[in-house]
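The primary structure of each chain is shown beneath.
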Amino acid sequence: MPTNPRPELLAPAGNNESLIAAVENGCDAVYLGATTLSARASAANFAPAELADAIDYAHLRGVKTYVAVNTLVKDSETDDAAALLRHLDESGADAVIVQDIGLLSMARSLAPDLPVHASTQMTVHNSEGAGFLQDMGVKRVVLAREMTLDEIKQVRQNTGIEIEIFVHGALCISYSGQCLASSMIGGRSGNRGVCAQPCRKRYRLRTRPGGREVKTGGEYLLSPKDLNTSRILPELIEAGIDSFKIEGRLKRPEYVACVARIYRGLIDRYVKDPSDYFVTGDESQSLAQVFNRGFTAGYLTGNPHGELMSRRRPHNRGIPIGTVIGCEQNRLRIRLSGTLCIGDGIGIAGAAGAGAGVGAEGAGVGDGADGSGSGAIVRQMCVVDGRQVDRADGGAVVDIALMTSDAHVHAGSTVYKTLDKPLMDSLKGSFTSPTPLRRIPVTIIAEAAVGSPLGLRIEDDNDNAVHIHSEYVIERAVSRPTTREEITRQLAKLGNTVFEASESDINLRIEGGGDIFIPVSQLNRIRSDAVSRLADARIARWRRGACARHQHDRPAGSAGTIRAAEPQPQAADTSKRSPPAVSLAVSVSDMDCLISAIAGGADVVYLGGERFRGVKADVDAEAEAFDLETATEYVHQSGRRIYLNTPKIASDSQMRGVADSISGALRFGADGVLVSNHGAFRLAEEMGLDIVVDSPLNVFNRMSLRFWAERGAGLVTLSPELTLAEIRKIAKYGTVECIVHGRLTLMESEHCVVGGMLGGADSCTVPCEDGGFELVDEKGYAFPLMMDTDCRMHLLNSSELCMLDHVPAVVRAGVSSIRIDARWFESGRAGAITRLYRDALDGCSARDGKIQSTCKGITGEYTTGHYRRGVL
């Protein structure tokens, strides 16, 4: 049996309407964001005072509230972040959801009683990583969406940390927290909550080299379907997962209401009778109707390969409602397969805009990220005899006005209903009605005696109780006594409050006979007073410390708020001396490149990491695999240092190989390990090796730098999303490295675009072994694809990062090391570029007519990344 037979149902609240929708439709907890530092910055979100009110609203109704502060934090934002954490702590938030390891560390020290949940943006995907965070005091981890159910069970068995997974909603193609595509293409960082969703754009697939275009059966090659686990919910419950999360802070409140209501019913249905679990046709249709790009169970039941993707349409497709049978004289004739009503939204497969212009007075139905988009509203509908109708059922033939003449609609095209107005109206009623759907049962005890105040005790089922007495003193009735029935009936009138009590829940004790008189106004007054006090008691029990109501109005960052503890700069030697030398590090993947990098002047080499299939850009495909023992001996004989590079992503089964590699590094005398995930850090830390923290761990501020330094990291690689000015402010607080050259990985994905289309339905035939591939965007930029031996796809930037022209500025920023990522280079080029950076660091210039030491001369198309422009 599961350890937690009834998992928590966690629903999104991107605004106040969605909060009400989630609560009224049965969720156990909501997650929401502040107006700053939230990974869904384009949602309405909540100002600090609104957060306090939202928390109180949920707590009154017995619902927990988790606040997402799940972006990377700039140093300029740390004081506001500290104030927000304190505000959440005082307001009684049930947890804060974080991505930034520095913010996590701050939360544990500044608000130790505020539980911390690790966001899926932390890319936790193995037991070692979950254990690392558990050791830090993290209560819950939101596991990566790429994990299978068996892998989730392993984390459950190997750790004591709470586990949360997504069960419904949009999927990212990249591992969350590891996507640089939006920031590198347009300056909008997914790690900062402003992702521009390049995964929902059009791409072409072509071979590399050669440029032969591959037929793909759709243009949206990075757009996944939506997650829907309703059919496999029993397996998830039996796995003992603590929380089931619905994605959707950017979705409209009707979506939240629908999905929360259905998953509430499904969970309760299973718990009531596991042997009789089912999903009704209406439930499945409603889930599809409110939003879908097609549905998938994701990776939970194994790798779905090509079935993961929605390549033909990146937005809501609705449900099929009929077929076009004619289009003439600005009218569209449709044979319906289901019900269509005035006010519904429709889209047509293959039409320009997926139905734009069909009976529409403007865009706006059921087709965008929030469920509203380029579909068209049905404003007028006629049956074949010309009569206008408000509704037509399956089998009917209807005519709808075609408002534009250039909509490319053909007979036989499928018509989709992208918005169901009656359904949406019904869902809207659940969060706009003044009468709440969610009620708190209470019991009421009234004590009445002539000559005494009326006593009233009201208690809920969570042991909250209030006992009050009226100012009114009960009189003996002169003519008509107040009856028991009248008192009971009046006390049961709880109206639009969240409480409910049947007459059987009211116990009336009258002393000295029944000839008493209590005015109705007095009964109403004491009932209202008691209900108000019980509501306050339910809210107050969640708050921490000395939180007063007026504190909710204090905005984060205002005067008097708590400031973040400041890391101290490293002590400076005031004696006259030369600035410390900046090391030159080079990442390589084979022995030939290692030898070339050492010959070119590298001080440090990082060897290993992911192993890649097929052709590596210009790399010699016959290059032999590295031998760590031989490589270590060679590097040390050259008087240089060598670190073992470890993979960014490694499941529990793959972590055994990582552990063996780290043990080998220790055994062969390597100088240390370069780590990219929390689990690998934990392994290296336990073995006592020198550790270099790599960029996938997203060190974005001096808080994070201090955290890793205090954990024993000898060197920390900063995020490639920082500017030189930001680096300059961070570097004085520790020993840091920056990547200055190479093709940055924009995405790492469990889904392989090439294998998903060309590699077979059930198991991949590894077509990537036969040559290279690239994706080409709508502007013609080509992004190389690299597939590793674990069949993960790495999408590389279209341009090579090059800071050769700016090495003096990088050095002045105070870095201790600069790195060339030469894993994609053939050995000769790796050595040549290493030499150029060596000369630049040494203040030399290699201009012999053969090599021009400028970026334009050595790479052609290049980028300086974010070093000068930064991210939002």
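All values reported here derive from a predicted model rather than from experimental measurement. (Residues numbered from 1 in each chain as written. Predicted model: local features only at pLDDT ≥ 70, side-chain atom pairs only at ≥ 80, totals over all residues. Heavy atoms only, no water.)

A.B. asks: Please explain the overall build of the chain as it appears in this structure.
C.D. replies: From N to C terminus, the chain includes 23 helices and 43 strands. Carbon and sulfur atoms provide 47% of the accessible area of the chain, an area that totals close to 34,300 Å². (Helix = DSSP H or I, 4+ residues; strand = E, 2+ residues; numbered from the N terminus. Areas by Shrake-Rupley, 256 points an atom, 1.4 Å probe, with all protein chains shown as cover.)

A.B. asks: What exactly am I supposed to notice about the nonpolar core here?
C.D. replies: Of all hydrophobic cores here, the largest spans 206 residues; its most connected members are Leu133, Leu222, Leu236, Leu594, Trp708 and Tyr837. The element that contributes the greatest number of residues to this core is helix H9 (residues 253-272), accounting for 11 residues. One finds Ile440, Ile487, Leu491 and Leu494 within the second-largest nonpolar core, a separate group that totals 31 residues. (Core = buried A, V, L, I, M, F, W, Y, C linked by side-chain atoms within 4.5 Å. Buried < 20%, exposed > 50% of the residue type's maximum accessible area, 1.4 Å probe, protein only.)

A.B. asks: Is there a simple way to think about the state of the cysteines in this case?
C.D. replies: Working definition of a disulfide: a covalent bond connecting the sulfur atoms of two cysteines. Evaluation of the coordinates by the stated rule reveals one disulfide. The cysteine Cys199 is free of any disulfide, with Cys195 supplying the nearest cysteine sulfur at 5.9 Å. No disulfide involves Cys768; its sulfur sits 5.7 Å from that of Cys752, the nearest cysteine. Judged by its relative accessible area of 7%, Cys768 is buried. (Disulfide = S-S within 2.5 Å.)

A.B. asks: Sorry, what's going on with the packing of helix H5 (residues 127-135) against helix H17 (residues 678-687) here?
C.D. replies: Two packed helices can be described by the angle between their axes and the distance between those axes. Look at H5 against H17: their axes get within 7 Å of each other, and the N-to-C directions meet at 75 degrees. Relative to H17, the element H5 lies roughly perpendicular. Facing H5, whose interface residues are Ser127, Glu128, Gly129, Gly131, Phe132 and Asp135, H17 presents His678, Gly679, Phe681, Arg682 and Leu683. Here the residues of the contact of H5 with H17 are counted per class, giving three nonpolar, five polar and three charged. (Axes fitted to C-alpha atoms, helices over the stretch in contact; angles between N-to-C directions. Parallel < 35°, antiparallel > 145°, perpendicular 65-115°, else oblique. Contact = heavy atoms within 4.5 Å. Nonpolar A, V, L, I, M, F, W, Y, C, P; charged D, E, K, R; others polar.)

A.B. asks: Explain helix H22 (residues 827-841) here, please?
C.D. replies: Each full turn of the α-helix corresponds to 3.6 residues, which orients residues three or four apart in the same direction. With 15 residues, H22 ought to run about 21 Å at 1.5 Å a step, and its terminal C-alpha atoms sit 21 Å apart, in line with that. Turning to H22, its buried residues number three or more, namely Ala830, Gly831, Ile833, Thr834, Leu836, Tyr837, Arg838, Asp839 and Leu841. The backbone nitrogen of Gly828 lies 2.8 Å from a side-chain oxygen of the residue at the head of H22, namely Glu826. (Expected span 1.5 Å × (residues − 1). Polar contact = N/O pair within 3.5 Å; in protein donor to acceptor, adjacent residues only side chain to side chain.)

A.B. asks: Explanation requested: the sheet that holds strand S37 (residues 745-749) in the structure shown.
C.D. replies: Think of a sheet as strands paired side by side through backbone hydrogen bonds, with each pair either parallel or antiparallel. Within the open sheet, the six strands sit side by side as S9-S8-S38-S39-S40-S37. Their pairing is antiparallel. Edge strands, defined here as strands with exactly one partner in the open sheet, are strand S9 (213-214) and S37. Both strand S39 (residues 782-787) and strand S40 (residues 793-796) contribute to a ladder of three bridges, which runs antiparallel. Paired with Met786 across the two strands is His794, which belongs to S40. (Pairing = 2+ DSSP bridges.)

A.B. asks: I'm lost on the side chain of Thr65 in this one. Help?
C.D. replies: On the secondary structure map, Thr65 appears in strand S3 (residues 64-69). Not counting residues up to four positions away in its chain, the partners in contact with Thr65 are Val30, Leu32, Ala54, Ile55, Ala58, His59, Ala93, Asp94 and Ala95.

A.B. asks: What am I meant to see in the pairing of strand S30 (residues 583-588) here?
C.D. replies: One face of the sheet, then the other: side chains in a regular strand alternate in exactly this way. With six of six residues buried, S30 is to be regarded as a mostly interior element. Residues Ser583, Ala585 and Ser587 point to one face of S30 and Leu584, Val586 and Val588 to the other, with burial holding for every one of them. Judged from the five bridges that link them, S30 and strand S42 (residues 817-821) form a sheet pairing that is parallel. Bridged to Ser587 within S42 is Asp821. By the bridge criterion, four bridges tie S30 to strand S31 (residues 604-608) in an arrangement that is parallel. In the sheet register, Ser587 faces S31, and the bridge partner there is Tyr606. On the question of chirality, the crossover connecting S30 to the parallel S31 by way of helix H14 (residues 591-600) is right-handed. (Right-handed = clockwise from strand over helix to strand, strands pointing away.)

A.B. asks: Please explain unusual backbone geometry as it appears in this structure.
C.D. replies: In terms of backbone geometry, most residues other than glycine have negative phi values and most peptide bonds are trans. A cis geometry characterises the amide bond from Arg208 onward to Pro209, with omega recorded as -5 degrees. Along the chain, Pro209 falls in the loop between strand S8 (203-208) and S9. Residues other than glycine seldom take positive phi values, yet Thr123 does so here, at roughly 55 degrees. Take Thr123: it is sitting in the loop between strand S5 (116-118) and H5. At Asn698, a position not held by glycine, the phi torsion is positive, near 55 degrees. Among the secondary structure elements, Asn698 is positioned in the loop between strand S34 (691-693) and helix H18 (702-710).

A.B. asks: Any chance you could explain H9 here in plain terms?
C.D. replies: For H9, built from 20 residues, the straight-helix expectation of 28 Å at 1.5 Å per residue is met to within 8% by its first-to-last C-alpha distance of 28 Å. Within H9, 14 of the 20 residues are buried, which leaves the element mostly enclosed by the surrounding structure.

A.B. asks: Sorry if this is basic, but what is going on with the packing of aromatic side chains here?
C.D. replies: Two numbers describe a pair of aromatic rings. These are the distance of the centres and the angle of the planes. What the rule picks out here adds up to nine aromatic pairs. Ring geometry for Tyr255 versus Phe291: centroids 6.5 Å apart, planes at 90 degrees, classification edge-to-face. Remark: Phe291 occurs in the loop between helix H10 (281-290) and strand S12 (295-296) and Tyr255 occurs in helix H9; sequence separation between them is 36 residues. Members of the aromatic cluster, joined through ring pairs, are Phe132, Phe681, Phe707 and Trp708. Above the plane of the ring of Phe668 lies Arg667, whose end atom (NZ or CZ) is 4.8 Å from the centre. It is Arg829 that lies over the ring of Phe825; its NZ or CZ is 4.6 Å from the centre. (Phe/Tyr/Trp six-rings, centres within 6.5 Å; stacked < 30°, edge-to-face > 60°. Lys NZ or Arg CZ within 6 Å of the ring centre and 35° of its normal.)

A.B. asks: I tried to follow the pattern of salt bridges on my own but got confused; where do I start?
C.D. replies: Oppositely charged side chains can pair when the atoms bearing their charge come close. On inspection of all chains with the given rule, the structure shows 48 salt bridges. Where Arg202 meets Glu778, a salt bridge forms, and the shortest distance between an N and an O atom there is 3.5 Å. Here Glu778 lies in the loop between strand S38 (772-777) and S39 and Arg202 lies in the loop between helix H7 (181-186) and S8, a separation of 576 residues in the sequence. A relative accessible area of 36% means that Arg202 is categorised as partly exposed. Between Glu750 and Arg792 there is a salt bridge, with the nearest N and O atoms lying 2.8 Å from each other. Residue Glu750 is found in the loop between S37 and helix H20 (753-758), and its partner Arg792 is found in the loop between S39 and S40; the two are separated by 42 residues along the sequence. No difference in accessibility class separates Glu750 from Arg792, as the two residues are buried. (Salt bridge = Lys/Arg side-chain N within 4 Å of Asp/Glu carboxyl O.)

A.B. asks: Before we go on, may I ask you to explain the environment of Tyr606 in this structure?
C.D. replies: Within the element layout of this structure, Tyr606 appears in strand S31. In the structure, Tyr606 is positioned 86 residues away from Val692 in sequence and 9.9 Å away in space, judged by C-alpha atoms. Setting aside residues no more than four positions away along its own chain, Tyr606 makes contact with Ala585, Val586, Ser587, Val588, Tyr643, Asn645, Leu674, Val692, Leu715, Glu737 and Arg819.

A.B. asks: I keep staring at the environment of Tyr837 and nothing clicks. Help me out?
C.D. replies: Within the element layout of this structure, Tyr837 appears in helix H22. In this structure Tyr837 comes out as buried when scored by relative accessible area, which is 0%. Residues Tyr837 and Val807, spaced 30 residues apart in sequence, show a C-alpha to C-alpha distance of 7.8 Å. Discounting residues that sit within four places of it in the chain, Tyr837 has contacts with Leu584, Val740, His741, Cys802, Met803, Leu804, Val807, Ile818 and Ile820.

A.B. asks: Is there a simple way to think about the confidence of the model for the chain in this case?
C.D. replies: Reading predicted coordinates in detail is not appropriate for stretches of low pLDDT. Residues at a pLDDT of 70 or more form 89% of the chain, whose mean pLDDT is 89. Predicted confidence for residues 572-578 stays below pLDDT 50, and this span has zero contacts to residues more than four positions away or in other chains. In the predicted structure, residues 845-851 sits below a pLDDT of 50 and forms nine contacts with residues beyond four places in sequence or in another chain. (pLDDT = per-residue confidence, 0-100.)

A.B. asks: Please explain the packing of helix H12 (residues 484-491) against helix H13 (residues 520-540) as it appears in this structure.
C.D. replies: Two numbers describe how H12 lies on H13: the axes approach to 9 Å, and their chain directions differ by 40 degrees. As the angle between them shows, H12 and H13 are arranged oblique. In terms of crossing hand, the pair formed by H12 and H13 is right-handed. Contacts between H12 and H13 pair Ile487, Gln490 and Leu491 from the former with Val520, Leu523, Asn524 and Arg527 from the latter. The residue inventory of the contact of H12 with H13, partitioned by class, reads four nonpolar, two polar and one charged. (Left-handed = near helix turned anticlockwise from the far one by under 90°.)

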